[in-house]
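Residue strings, one per chain:
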Amino acid sequence: MIMIKSTKPLVSTQAAVALILLGPPGSGKGTQAKRLAHEYQIPHISSGDLFREHMSKETIIGLKAKEFIQAGKLVPDEFVMDMLFDRLAHPDCARGYLLDGFPRTVAQAEALAGKRDIKIPLIVLYLEVPDAVIVKRAEGRLVCKNCGMVYNLYSSSPRLPGVCDKCGGEIYRRPDDDANIVLKRLEVYHELTSPLIQYYTDQGILLKFDGNQNSDTVYYQLKKSINEKYL
Ligand code: AP5
Ligand code: MG
């Protein structure tokens, strides 16, 4: 007997939901965020992408952020908080949003708790990936300058070298994916960001996933858990 696997989405919904993707650098937050934001029709807000936009426009925030990002350190809260909360105040966030890269410290999580609309349920999706895998992923990562599409030389390379499959834009390597900077980013993650795992576990809203699996498998596990728990 031939088994036909259904390709129907589990649930397609318009229900309000706020998602946080938590995980080390290179754990797949951006990759998964793009698909989840599309599925749940909520804006994908990446603090790293917002900083990179400021850097390309050479704004005051961008010039300041560059010093820290290129050193693998966190950008100080005075530059992070206003930028993030201004974005969350946009009307497109009224029915939820997906945060990628924020919060990154307990202080940032507390600031978010004080600001956010508590009528929208919050789910924290933690992607667990071993450090050795992270280093390898950073070595192979390529990003489209135009649309932000993320590739990897080892698992998902673009069809034509240097050209984005999706929009034809130029593909580049993030300067902070340099091996030494990645090690610093991992150190910072373990010291300042990983305490958020316990912080959100204590609130009963953290769901943990094995991020060291095929990207599609991770995506379907994320979607299934979100749908089962809250929708
Ligand atoms: P940010 O841009 O947020 O970087 P990050 O958290 O270090 O995470 P990355 O974007 O590197 O990785 P990712 O988890 O999105 O993985 P991706 O999907 O690309 O922040 C950059 C900097 O900005 C920070 O270092 C800090 O300085 C500053 N900053 C940002 N937010 C801040 C804040 N709140 N406070 C203070 N400072 C802040 O995937 C990685 C690679 O792996 C890709 O090549 C991808 O194709 C591949 N991949 C993904 N999933 C899989 C899979 N399942 N299997 C195999 N390969 C995969
Ligand atoms: Mg990212």
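Worth saying up front: this structure is predicted, and the values here are computed from it rather than measured.

1. A few points about the packing of aromatic side chains
No. 1: Inspection of the entire model under this criterion finds three aromatic pairs.
No. 2: When the ring of F85 is compared with that of F102, the centres are 5.9 Å apart and the planes differ by 90°; the resulting orientation is edge-to-face. Residue F85 is located in helix 4 (residues 77-88), and its partner F102 is located in the loop between strand 3 (96-100) and helix 5 (106-115); the two are separated by 17 residues in the primary sequence.
No. 3: Overall, F102 belongs to the buried group, its relative accessible area being 1%.
No. 4: When the ring of Y199 is compared with that of Y200, the centres are 4.9 Å apart and the planes differ by 85°; the resulting orientation is edge-to-face. For the residue pair Y199 and Y200, the accessibility class agrees, reading buried in each case.

2. Points about the site of ligand 1
No. 1: Near ligand 1 lie 35 residues; those nearest to it are T31, K73, R104, Y151 and R185.
No. 2: Taking R185, its side chain carries an N or O atom lying 2.6 Å from an oxygen atom of ligand 1.
No. 3: The fraction of the free accessible surface of ligand 1 (1,000 Å²) that becomes covered by protein chains is 94%.
No. 4: If you list the elements that add at least two residues to the shell around ligand 1, you get helix 1 (29-40), helix 2 (47-57) and strand 6 (150-152).
No. 5: Top element by residues in the shell around ligand 1 is helix 2. It accounts for four residues.
No. 6: Considered class by class, the residues forming the shell around ligand 1 number 10 nonpolar, 16 polar and nine charged.

3. Points about the UniProt feature "binding site: AMP" (unreviewed entry) in the chain
No. 1: Per the UniProt entry, the sites bearing "binding site: AMP" (unreviewed entry) are S47, R52, K73, L74, V75, G101, F102, P103, R104, Q108, R174 and R185 in this numbering. What stands out for the annotated residues spanning 139 residues is how far apart their C-alpha atoms range, the widest pair being 24.7 Å apart.
No. 2: Mapped onto the fold, S47 is located in helix 2.
No. 3: The exposure class of S47 is buried, given its relative accessible area of 4%.
No. 4: Among all residues touching S47, those that are not within four sequence positions of it are M83, L84, D100, G101, F102 and R104.
No. 5: Mapped onto the secondary structure, Q108 falls in helix 5.
No. 6: Q108 has contacts with D77, V80, M81, F102 and P103, leaving out every residue within four places of it along the chain.

4. Here's the deal with the packing of helix 2 against helix 3 (residues 60-69)
Between two packed helices, what matters for the description is the angle formed by their axes and the separation of those axes.
No. 1: Where helix 2 contacts helix 3, the two axes come as close as 7 Å, and the packing angle between them is 115°. Where helix 2 crosses over helix 3, the handedness of that crossing is left-handed. Of the residues in helix 3, those touching helix 2 at F51, H54 and M55 are I61, G62, A65, K66 and I69.
No. 2: Across the contact of helix 2 with helix 3, the residue classes tally to five nonpolar, two polar and one charged.

Conventions used here
Residues numbered from 1 in each chain as written. Chains lettered and ligands numbered in written order. Predicted model: local features only at pLDDT ≥ 70, side-chain atom pairs only at ≥ 80, totals over all residues. Heavy atoms only, no water. Phe/Tyr/Trp six-rings, centres within 6.5 Å; stacked < 30°, edge-to-face > 60°. Helix = DSSP H or I, 4+ residues; strand = E, 2+ residues; numbered from the N terminus. Buried < 20%, exposed > 50% of the residue type's maximum accessible area, 1.4 Å probe, protein only. Near = heavy atom within 4 Å. Polar contact = N/O pair within 3.5 Å; in protein donor to acceptor, adjacent residues only side chain to side chain. Areas by Shrake-Rupley, 256 points an atom, 1.4 Å probe, with all protein chains shown as cover. Nonpolar A, V, L, I, M, F, W, Y, C, P; charged D, E, K, R; others polar. UniProt positions renumbered as here; feature names shortened; annotations may be inferred. Contact = heavy atoms within 4.5 Å. Axes fitted to C-alpha atoms, helices over the stretch in contact; angles between N-to-C directions. Left-handed = near helix turned anticlockwise from the far one by under 90°.

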